[in-house]
Amino acid sequence: MIAKISSSNNLYGALSYNQNKVDEKHAQVIFSNKMIEPKDGNFDISTCLMSFENYLLANKRTEKPVLHISINPDPKDVLSNEQLSEIAQTYMQKMGYGDQPFIVYKHEDIERRHIHIVSLRVDENGKKIDGNFERRRSMDVCRDLEQQYGLIPADQKQKSQSSLSLKPVNYKNGDIKHQIANVIRPIAKDYHFQSLKEYRALLTLYNIGVEEVKGEIGGKEYKGLIYSALNKKGEKTGNPFKSSLFGKSVGIEALEKRMEQSAEIIKSKHLKERSKKVISAVMLTSKRRADFEGALAKQGISVIFRENEQGRIYGATFIDHEQKCVFNGSRLGKEFSANVFNDLFNGKCLNPDLPDFKINRIDPEKSGQSFNHENQGSDIGGLFNFFSSETPSDEIEEQNFIRRLKKKKRKQRRL
């Protein structure tokens, strides 16, 4: 069993993510602790927000008071709702959150049934609950629960293989949203890419398209992402989906952070070198495009070529699945830019005696556009920043809650 803990300043986003699953019949609430009980028994976002309201009002210093935990038993473990509820309660108690308000959702949108818990890191007096050595303590608690319930242990090998095997989206199979989610979530978490162009190229391997959208709601500018299924020709098929429907990890802000982190990781760990060596070696022996792509695939590298109407290659992106890295050709070096491959496959100018495989004339492909990420504030408004692709009705509900909190906060100060 594996537990994943995340902190944020976005309570609304955490609740909305789980509520969307409930609305789609892919999740259900199986337990709540110190939460306002709705008369009809159906928890909604408004009721949950009110349950956490006083704790947020008391909070003064904790910048990321929202706690979102997923607990993932092995797919072969069969557990009832009662057992999952007991596991959630025991876990929260041993981690020091047993007296907090929290709500437990069981998710069934993938083969591996698991639970999500939403709570807060601050108590009713606004004091932050001790989070020292949290990940180590969480692992110990999980090991205890495995023994208590006879669950399959999650050893290091299982952890490294915990992400789902990725399968291309097939529109004919239906449930497109589910298929897209099963690809983009692990990709956003596991792969390193430094631009939206590289991320987009990676997704095309799995018949998924992504576009950035910008606009204005209520006088406020926003930007977000739209995901779509693609057919064999790379054309959009069916209705697009807002990134918020899949969770914040695949939204524009999270991906911008991922791009920044990827650039640092790729540089510090010299992750380009393996790809450059493999591609260079294959270029020596494969002068036909089909041979080149096939030889790279055997080495765990995919390549995406972009062509104009005349069939000229104007872009090349390499995906090293072994290192989980994505590189625009020119990012690897001039000798891997689009024009080099256009000439190579047309039998022009390649001199195999040169170690860097340069050709007589090179017009490097321009690298992808980078993003700048701005840190968010830690005031009450910042607690509920949500992705731009939320619907206007969701925005109104959230903004009303923020205004109510601010009003109560001002009253407290006057007293």
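Okay, so let's go over this structure. (Residues numbered from 1 in each chain as written. Predicted model: local features only at pLDDT ≥ 70, side-chain atom pairs only at ≥ 80, totals over all residues. Heavy atoms only, no water.)

## Let's talk about the side chain of Arg-331
No. 1: Summarising the element assignment, Arg-331 is placed in helix H11 (residues 329-332).
No. 2: According to the relative accessible area criterion, Arg-331 is buried, its value standing at 19%.
No. 3: A polar side-chain atom of Arg-331 sits 2.7 Å from a polar atom in the side chain of Glu-198. (Helix = DSSP H or I, 4+ residues; strand = E, 2+ residues; numbered from the N terminus. Buried < 20%, exposed > 50% of the residue type's maximum accessible area, 1.4 Å probe, protein only. Polar contact = N/O pair within 3.5 Å; in protein donor to acceptor, adjacent residues only side chain to side chain.)

## So, the nonpolar core
No. 1: Among the nonpolar cores identified, the biggest contains 29 residues, and Ile-180, Ile-184, Tyr-199, Ile-208 and Tyr-227 are the most heavily contacted of them.
No. 2: The set of elements that each furnish at least two residues to this core consists of helix H6 (176-190), helix H7 (196-204), strand E6 (208-217), strand E7 (220-230) and helix H8 (252-268).
No. 3: Considering each element in turn, this core owes the most residues, seven residues, to H6.
No. 4: Among residues more than four places away in sequence, those in contact with Ile-180 are Val-169, Ile-208, Tyr-227, Ser-228, Ala-229, Phe-241 and Phe-246.
No. 5: The next biggest cluster of nonpolar side chains, apart from the first, holds 25 residues, and it includes Leu-84, Phe-102, Val-141 and Leu-145. (Core = buried A, V, L, I, M, F, W, Y, C linked by side-chain atoms within 4.5 Å. Contact = heavy atoms within 4.5 Å.)

## Topic: the packing of helix H3 (residues 81-94) against helix H4 (residues 134-149)
How two helices sit against one another is set out by the angle between their axes and by the gap between those axes.
No. 1: Close contact between H3 and H4 brings their axes to 10 Å; oriented N to C, the two are set at 145°. In this structure, H3 crosses over H4, and the sense of that crossing is right-handed. Judged by residue contacts, Gln-83, Glu-86, Ile-87, Thr-90, Tyr-91 and Lys-94 of H3 engage Arg-137, Ser-138, Val-141, Cys-142, Asp-144, Leu-145 and Tyr-149 from H4.
No. 2: Tallied by class, the residues present in the contact of H3 with H4 amount to six nonpolar, three polar and four charged. (Axes fitted to C-alpha atoms, helices over the stretch in contact; angles between N-to-C directions. Left-handed = near helix turned anticlockwise from the far one by under 90°. Nonpolar A, V, L, I, M, F, W, Y, C, P; charged D, E, K, R; others polar.)

None of the figures reported here should be taken as evidence of function without further support.
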